[in-house]
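# Examining the three-dimensional arrangement
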Amino acid sequence: MKDILVILTGGTIGSCIKNGSIDIDNSSKCMIVEKYKELYEKELKCTKPDHTARNNDSDTDVTDRFEVRESFSILSENSTVSYLNALLTEVANIDQSKYNGIIITHGSDTIPYTSALLGSVLKGRLEIPLVVVGTMLPLGVPGSDGVYNFASGVGIIDTFICNKNSDNKEFAEMLKDVFVVDGGDIYGSVVHRGVEVTEADTLNDVYGIYGDEEFGFLYFNKTNVMFLDGDNPMEWMDNTYFGNEDFYLELNSDHVNTCEPNVSEEIFEQVFKGEKKLGDNVLYLKQVPGFNYDCINISNLKAVLLYGYHCGTFCVEGDGTDLSKFIKRCNEANVTVYLASSKHEKAGEYGSTTKLKSTEFIQLYDLSPEAAYVNVLLNEAE
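These lines cover the structure that appears in this document, whether it is placed above or below. Nothing here was measured: the structure is a model prediction, and the numbers come from that model.

## Section: the sheet that holds strand E11 (residues 216–219)
Spatial strand order, E4-E1-E5-E6-E7-E8-E11-E12: 8 strands in an open sheet with mixed pairing. Sheet topology places strand E4 (66–74) and strand E12 (248–251) at the edges, where each strand pairs with a single neighbour. Here the average twist between neighbouring strands, direction ignored, is 25°. As paired strands, strand E6 (residues 130–133) and strand E7 (residues 178–185) are joined by 3 bridges and run parallel to one another. Each residue of the ladder has a partner; that of valine 131, found in E7, is phenylalanine 179. Against the sheet, helix H2 (residues 81–92) touches strand E1 (4–10), E4, strand E5 (101–105) and E6, its axis set at about 165° to E4. Each of E1, E4, E5, E6, E7, strand E8 (188–193), E11 and E12 is contacted by helix H4 (residues 146–164), which is oriented at about 135° to E7, the strand it contacts most.

Given below as structure tokens:
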């Protein structure tokens, strides 16, 4: 039974190094599945979960459970709104009743944008887990985390299988979401909610998290489990295994859901059904000291997203640096302005914020830069 759908989109996880250059390798599109089989047989050394309807014959090829499709094959830095629309269409048309989970392989550069989009649009529309996996180095290169991240994706799906018909149905319901796994090694991987992931830094190649708390951890071995609650392991832990009780998904008790969408349910439904496509001609700007807005040509723009400082503030003084004047220019040209990201709960407003009230803009709340950008694309869908 092919119970896991794997969708390939390219990226480093679908690339190789040739003459010192990392690029898409179309000759080995299914290498991730082959590498998973190798890891499964040589290092994980586990059996298939008895909780599933799959054949538990030890001679069965572990890759038989994967149905592999290719949506497109690009380096993710070349992603555009057209590619995002194509992937959304692909996912929306999946018959989820045929599978226990979905894994999307994706380039690491733009995973935060794609996962924020999928996590937003698919909220309440998933009956199975969807895991987006990438790698910081091509498969086969020493130090690559790709196959471990992929194995963690399988682990999340099998954890869902083990719990959906058990006394832990509430836990299984939590797994009907979009996740990103990161930093995989022989011990396991970090698990994030897709909408909360932010871009990795160039020094450590580790994703950030809006709110600074991981969703949890997927461990490949019982001895690797580090309980976040100190000496009080969660009661459901014994039921979240697959294989020979060697795989555990542990929730972070300090995690709180963040990056809740600032988009209407009507728009989500229209985008999911394909009645609307993500908006285009959206300009994203980050507030920095001395930014001269007079340099920005707003002709042909549909919308502008301005992301402020951590208090949601912007500069409102100076020639060219006064945001209020730029917003008024956009208002006159019928360019929609979005400001992000303000806090819903705050002690009071700064004087700079008060000055902006003389202009027209849409305020976005409690969103990462990546999630804010995706929210604008959705709000501008047509």
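## A closer look at the pattern of salt bridges
A side chain of one charge can pair with a side chain of the opposite charge if their charged atoms are brought near each other. Scanning all chains against the criterion turns up 16 salt bridges. Overlapping salt bridges, with partners in common, bring together Lys123, Asp177, Arg193, Glu196 and Glu260 in one network.

## Comments concerning unusual backbone geometry
Note the cis peptide between alanine 340 and serine 341, where omega equals -5°. Relative to the helices and strands, serine 341 resides in strand E15 (residues 336–342). One non-glycine residue with positive phi stands out, namely aspartate 205, at about 55°. Relative to the assigned elements, aspartate 205 resides in the loop between strand E9 (197–198) and strand E10 (208–209). Among the residues examined, aspartate 205 registers a relative accessible area of 35% and is labelled partly exposed. Backbone geometry at aspartate 212 places phi at a positive 65°, although glycine is not the residue there. Secondary-structure assignment places aspartate 212 in the loop between E10 and E11.

## Here we look at the packing of aromatic side chains
Going through the model one piece at a time under the given rule, you end up with 9 aromatic pairs. Considering the side-chain rings of phenylalanine 72 and tyrosine 83, the 4.9 Å spacing of their centres and the 50° angle between planes classify their relative orientation as tilted. Residue phenylalanine 72 is found in strand E4, and its partner tyrosine 83 is found in helix H2; the two are separated by 11 residues along the sequence. Classification of tyrosine 83 as partly exposed rests on a relative accessible area of 29%. Cluster of aromatic residues (ring-pair linked, three or more members): Tyr36, Phe66 and Phe150. The ring of phenylalanine 272 carries the charged tip of arginine 125 above its face, separated from the ring centre by 5.6 Å.

## A word on the sheet that holds strand E13 (residues 282–286)
Across the sheet, which stays open at both edges, the 4 strands sit in the order E13-E14-E15-E16 with parallel pairing between neighbours. Of all strands in the sheet, those bounded by a partner on one side alone are E13 and strand E16 (362–365). Adjacent strand axes in the sheet meet at a mean angle of 25° when their direction is disregarded. Those strands touched by helix H9 (residues 369–379) are E13, strand E14 (303–307), E15 and E16, and its axis lies near 160° from that of E14.

## Considerations on H2
Between the first and last C-alpha of H2 there are 16 Å, a value that for 12 residues agrees with the 16 Å anticipated at 1.5 Å per step. Those residues of H2 not exposed but buried are Val81, Leu84, Asn85, Leu87, Leu88, Val91 and Ala92. One side of H2 holds all its buried residues, which, seen down the axis, span an arc of 165°.

## Comments concerning the nonpolar core
The biggest cluster of nonpolar side chains holds 83 residues, and the ones touching the most others in it are Tyr36, Val91, Leu118, Leu130, Phe150 and Leu378. Here this core gets 9 residues from one element, more than from any other, and that element is H4. Not counting the four nearest positions on each side in its chain, leucine 130 is found in contact with Val91, Ile102, Ile104, Leu118, Leu122, Asp177, Val178 and Phe179. In this structure, Ile298, Val304, Val335 and Leu356 belong to the second largest nonpolar core, which totals 16 residues.

## Topic: the packing of H2 against helix H3 (residues 111–121)
Running from N to C, H2 and H3 point in directions that differ by 40°, and their axes come no closer than 11 Å. The angle between H2 and H3 places the two elements in the oblique class. H2 and H3 meet at a crossing whose hand is right-handed. In this structure, H2 contributes Leu84, Leu87, Leu88 and Val91 to the contact, and H3 contributes Thr114, Leu117, Leu118 and Val121. Considering only residue class, the contact of H2 with H3 consists of 7 nonpolar, 1 polar and no charged.

The rules behind these values
- Residues numbered from 1 in each chain as written.
- Predicted model: local features only at pLDDT ≥ 70, side-chain atom pairs only at ≥ 80, totals over all residues.
- Heavy atoms only, no water.
- Pairing = 2+ DSSP bridges.
- Helix = DSSP H or I, 4+ residues; strand = E, 2+ residues; numbered from the N terminus.
- Axes fitted to C-alpha atoms, helices over the stretch in contact; angles between N-to-C directions.
- Contact = heavy atoms within 4.5 Å.
- Salt bridge = Lys/Arg side-chain N within 4 Å of Asp/Glu carboxyl O.
- Buried < 20%, exposed > 50% of the residue type's maximum accessible area, 1.4 Å probe, protein only.
- Phe/Tyr/Trp six-rings, centres within 6.5 Å; stacked < 30°, edge-to-face > 60°.
- Lys NZ or Arg CZ within 6 Å of the ring centre and 35° of its normal.
- Expected span 1.5 Å × (residues − 1).
- Arc of directions from axis to C-beta.
- Core = buried A, V, L, I, M, F, W, Y, C linked by side-chain atoms within 4.5 Å.
- Parallel < 35°, antiparallel > 145°, perpendicular 65-115°, else oblique.
- Left-handed = near helix turned anticlockwise from the far one by under 90°.
- Nonpolar A, V, L, I, M, F, W, Y, C, P; charged D, E, K, R; others polar.

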